[in-house]
Amino acid sequence: MNSFALADCSTVEAALSQLKDGAVVKAGGVDLLDRMKNGTDTPARLVNIRNIAALRGIHPTDQGLTIGALTTLAEVADDPTIRSQYTLLADACGHAATPHIRNMATLGGNLLQQLQCWYYRSADFQCLRKGKDICFAFSGLNQYHAIMDYGGCPSVAPSSGAVALLALDASVELTSAARGKRTVAIKDFYVQPDANPHRFHVMADDELLTAIHIPKLAPGTRSAYQKYGEKESHDWAIADAGILLEMDGNICRRAVVAMGAASPVVRRSHEAEAVLTGKPITPETARAAGKASMTNAMPLSMNGYKVQLFPVAIYRTVLLAAGQMDRDPSAAG
Amino acid sequence: MSQHQTPPKDLPEAPSTALTPAGITRRGFLKGAGITAAGTALIEGVQVFQREAVAAAPQNVKEFGPEPFPVTLQINGKAHALQIEPRTTLAEALRIQLNMTGTKVSCDRGVCSSCTVWLDKMPVNSCMTLAIDAVGHHVTTIEGISAADEMHPVQAAFVRHDALQCGFCTPGMVMSCAALLEKNPHPTEADVRYAVSGNLCRCGTYPKVFAATLDAAGQLASKA
Ligand SMILES: Cc1cc2nc3c(=O)[nH]c(=O)nc-3n(C[C@H](O)[C@H](O)[C@H](O)COP(=O)(O)OP(=O)(O)OC[C@H]3O[C@@H](n4cnc5c(N)ncnc54)[C@H](O)[C@@H]3O)c2cc1C
Ligand code: SF4
Ligand code: FES
Ligand code: FES
């Protein structure tokens, strides 16, 4: 790691006053320190927000739920309200990474973590995302890369939390000293690589992600998230599914099918959702939804297996959300 | 190592800067200086003075580094004064500066949990924790969970069940299992599996780790 100065801040105002001259925010540090150890990032100054108590905690509001950006993944996963009402968020945070990482990693940092493409994480490769005009993954090793919507960069969305929050219609609160607070929906927060390969999200350098807002759920909502990995823990998803079903008795009034490891930005499969909407949830409709989710798949040379895996992940997670199947013992975490 | 982080085989290795912070060479000189909070304030003052850019640092911002500065870490119930840089990880402070080598570093990336220590009884990866973030918390390492010459019940159970082979993952594994018993004295095997799901053991000792931890839980319960 390069040598750097650190400004340890105890309030949001103090941290905002330090966001200048290329200073980089550190929350849990799990993603940032990895990039610094790899030598891809060499900031001269870190702004440590880890000790800002005001950014921690889970608060029910009139509109739904507000989660402070520094709340850890373990705290989100263990919260009784989130477990019972926003089950897929507890599932996503409780199965991301390892138990000890979940004790350190913050939900804000989870949403802001950068790509896991191994070329991107190596200081030896300068690709599209680092200002050059080449991607090494198309002709190189791409078994963990995207199968749809990738344009010029097929690295996949790494955040499990974002899959759940997209399905929940959540938004993030961004705060700057100059402009105050603004709220951006998760669906508008991330930037497609073809729109701008140098930006992952719309947050400005002088902004802090201060909170996550989740709206109240419609009556009869059930949800689940499952992540499939190469190993039980230790790793990011190779396929994942965040499912939210608004049920009217036996009939699914509204369905959300969200995916992370398929594309560079977390996405919903409107094809899969259309299959479920207005129908009863059965093994047949769940299987048809899984199949529909792969309508636009364009796998790369080494990741055709994902086109088989995603439909299974969606099928099993739809049934898990509907209470018709147990959690898949072969899912990761 | 993580699948996503292992560079493809035919690629050159990324240069490793891990475990060689520049400040370490100075530790002999500074070791045992016994500087505590007052000393920290003094040295910080000097550093702020030296760097005009931060001279106007507002309240609620404390400046550290990049030069080494003194801190006191509470480790296994004892205060340790040492010099760290902002980039010094807790694992480096423990192993290199304090010579507490019971805590192992394997991946140095948060993947394997062999570097597990407790921050206020919560298991974390010391390789991904900056030492400065441990200031003000109680750190417990594998050296600190046993009382005098008596092994911790989890350690004793690991011996009885032969729950280690090469032993490199073992300190981290013991810290994860002992942390579980602190939180949940009556775990099921599923609880133990979940608690060590981040601890990589390439020797495959998992079944014995599960048995040893459940045995230790029973021993603790019968003592209580
Ligand atoms: C072995 C392993 C497996 C993993 N598996 C998964 C997985 O399956 N799913 C998953 O989702 N994640 C996974 N992760 C990633 C992990 O969840 C993230 O690294 C972690 O959540 C990042 O949170 P942090 O608080 O440590 O962020 P940091 O590293 O502190 O920050 C991440 C980035 O966000 C910026 N930042 C952080 N907080 C703020 C804020 N409030 N305002 C403005 N900027 C901010 C920082 O500048 C930095 O660039 C894994 C990690 C490891 C090591
Ligand atoms: S997939 Fe994206 S991040 Fe990876 S090498 Fe290609 S452009 Fe870079
Ligand atoms: S050494 Fe592997 S997690 Fe720290
Ligand atoms: S005993 Fe060898 S790695 Fe676990």
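Note that this is a predicted model, so its numbers are computed, not measured.

## Re the overall build of chain B
Helix and strand counts for chain B come out as 7 helices and 6 strands. In sequence order, the secondary structure elements of chain B are arranged as α-α-β-β-β-α-β-β-β-α-α-α-α. Looking at chain B as a whole, 50% of its 224 residues are labelled buried. Here chain B has roughly 10600 Å² of accessible surface; of this, 58% comes from carbon and sulfur atoms.

## Comments concerning the site of ligand 2
Residues and elements named next belong to chain A. Looking at ligand 2, there are 14 residues lining it, with C117, C127, C135, C153 and P154 nearest. Taken atom by atom, the bulk of ligand 2 overlaps the second largest cavity. Looking at the shell around ligand 2 residue by residue, the class counts come to 11 nonpolar, 2 polar and 1 charged.

## Considering the interface of chain B and chain A
Taken residue by residue, the interface counts 53 residues in chain B and 51 residues in chain A. Roughly 4400 Å² of surface becomes buried between chain B and chain A when both sides are summed, with 53% attributable to carbon and sulfur atoms. Where chain B packs against chain A, one counts 5 salt bridges. Along the contact surface separating chain B from chain A lie 16 residue pairs in polar contact (both at pLDDT 80 or more). Those elements giving two or more residues to the side of chain B that touches chain A turn out to be β1 (61-64), β4 (116-119), β5 (122-125), α5 (170-183) and α6 (189-195) of chain B. For the side of chain B that touches chain A, a count of residues per class yields 24 nonpolar, 19 polar and 10 charged. Across 4 bridges, strand β1 (residues 5-9) of chain A lies against β1 of chain B in antiparallel orientation. Within β1 of chain B, the position partnered with L6 of chain A by the bridge is F64 of chain B.

## Observations concerning the nonpolar core
In a soluble, globular protein the nonpolar side chains are often hidden away together inside. Residues and elements named next belong to chain A. Counting 77 residues, the largest nonpolar core has L89, I212 and I214 as its most contacted members. In terms of residue count, the dominant contributor to this core is helix α8 (residues 160-167) (6 residues). Excluding residues within four positions of it along the chain, I214 makes contact with Q63, G64, L65, I67, Y86, L89, L165, L168 and A170. Ranked by size, the runner-up nonpolar core spans 44 residues in total, among them L128, A137, A261 and Y315.

## Section: the sheet that holds strand β2 (residues 24-26) of chain A
In a beta sheet, neighbouring strands pair by backbone hydrogen bonds and run either parallel or antiparallel. Pairing within the open sheet is mixed, and its 4 strands lie in the order β2(A)-β3(A)-β1(A)-β1(B). Each edge of the open sheet carries a strand with a single partner, namely β2 of chain A together with β1 of chain B. In this sheet, neighbouring strand axes are inclined to one another by 25° on average, regardless of whether the strands run parallel or antiparallel.

## Some words on the confidence of the model for chain B
Residue-level pLDDT values for chain B average 80, and 74% of them are 70 or greater. The ipTM, which scores confidence in the relative placement of chains, is 0.95 for this predicted complex, and the corresponding pTM is 0.90.

## Describing helix α2 (residues 30-38) of chain A
All names here are of chain A. The element α2 is largely enclosed, with a buried count of 9 among its 9 residues. Taken residue by residue, α2 has V30, D31, L32, L33, D34, R35, M36, K37 and N38 as its buried positions. Those residues of α2 hidden inside the fold are in contact with β2, β3 (45-48) and α6 (99-104). G39 lies just past α2 and shows a positive phi near 85°.

## Examining the side chain of H145 of chain A
All names here are of chain A. Residue position: H145 is located in the loop between α7 (107-112) and α8. What makes H145 buried here is its relative accessible area of 4%. Not counting residues up to four positions away in its chain, the partners in contact with H145 are C117, W118, A137, P154, S155, V156, A261, L300, N303 and K306.

## With respect to the environment of C115 of chain B
Residues and elements named next belong to chain B. Here C115 shows up in the loop between α3 (90-97) and β4. The class for C115 is buried, based on a relative accessible area of 2%. Residues C115 and A91, 24 residues apart in the sequence, show an inter-C-alpha distance of 6.9 Å. Residues in contact with C115, not counting those within four places in the same chain, are T103, K104, V124, N125, S126 and C127.

## Concerning the pattern of salt bridges
Counted according to the given criterion, the structure contains 28 salt bridges over all chains. Residues R179 of chain A and D206 of chain A are paired through a salt bridge, measuring 3.0 Å at the closest nitrogen-oxygen approach. One end of the pair, R179 of chain A, is in the loop between β6 (171-176) and β7 (180-185); the other, D206 of chain A, is in the loop between α9 (186-189) and β8 (207-215), and 27 residues separate them in sequence. E273 of chain A serves as the salt-bridge partner of R268 of chain A, at 2.9 Å between the closest nitrogen and oxygen. With relative accessibility at 23%, the residue R268 of chain A sits in the partly exposed group. Linked through salt bridges whose partners overlap, the residues forming this network are D31, D34, R35, K37, D41 and R121 of chain A together with D108 and R109 of chain B.

## Regarding the pairing of strand β2 (residues 69-75) of chain B
All names here are of chain B. A large share of β2 lies buried, amounting to 5 of its 7 residues. Bridge count for β2 against strand β3 (residues 78-84) is 7 bridges, and the pairing is antiparallel. The partner of T72 across the bridge, within β3, is A81. The hairpin turn running from β2 into β3, its antiparallel successor, is 2 residues long, and N76 in that turn takes a positive phi close to 50°. Alignment of β2 against strand β6 (residues 138-140), held across 2 bridges, turns out to be parallel. From the neighbouring strand, I75 faces β6, where its bridge partner is V139.

Rules and cut-offs
- Residues numbered from 1 in each chain as written.
- Chains lettered and ligands numbered in written order.
- Predicted model: local features only at pLDDT ≥ 70, side-chain atom pairs only at ≥ 80, totals over all residues.
- Heavy atoms only, no water.
- Helix = DSSP H or I, 4+ residues; strand = E, 2+ residues; numbered from the N terminus.
- Buried < 20%, exposed > 50% of the residue type's maximum accessible area, 1.4 Å probe, protein only.
- Areas by Shrake-Rupley, 256 points an atom, 1.4 Å probe, with all protein chains shown as cover.
- Near = heavy atom within 4 Å.
- 1 Å grid on protein atoms, 1.4 Å probe; cavity = no way out; pocket = protein on both sides within 12 Å on 5 of 7 lines; lining within 4 Å.
- Sits in = over half its atoms within 2 Å of the grid points.
- Nonpolar A, V, L, I, M, F, W, Y, C, P; charged D, E, K, R; others polar.
- Contact = heavy atoms within 4.5 Å.
- Buried area = accessible area lost by both parts, 1.4 Å probe.
- Salt bridge = Lys/Arg side-chain N within 4 Å of Asp/Glu carboxyl O.
- Polar contact = N/O pair within 3.5 Å; in protein donor to acceptor, adjacent residues only side chain to side chain.
- Pairing = 2+ DSSP bridges.
- Core = buried A, V, L, I, M, F, W, Y, C linked by side-chain atoms within 4.5 Å.
- Axes fitted to C-alpha atoms, helices over the stretch in contact; angles between N-to-C directions.
- pLDDT = per-residue confidence, 0-100.

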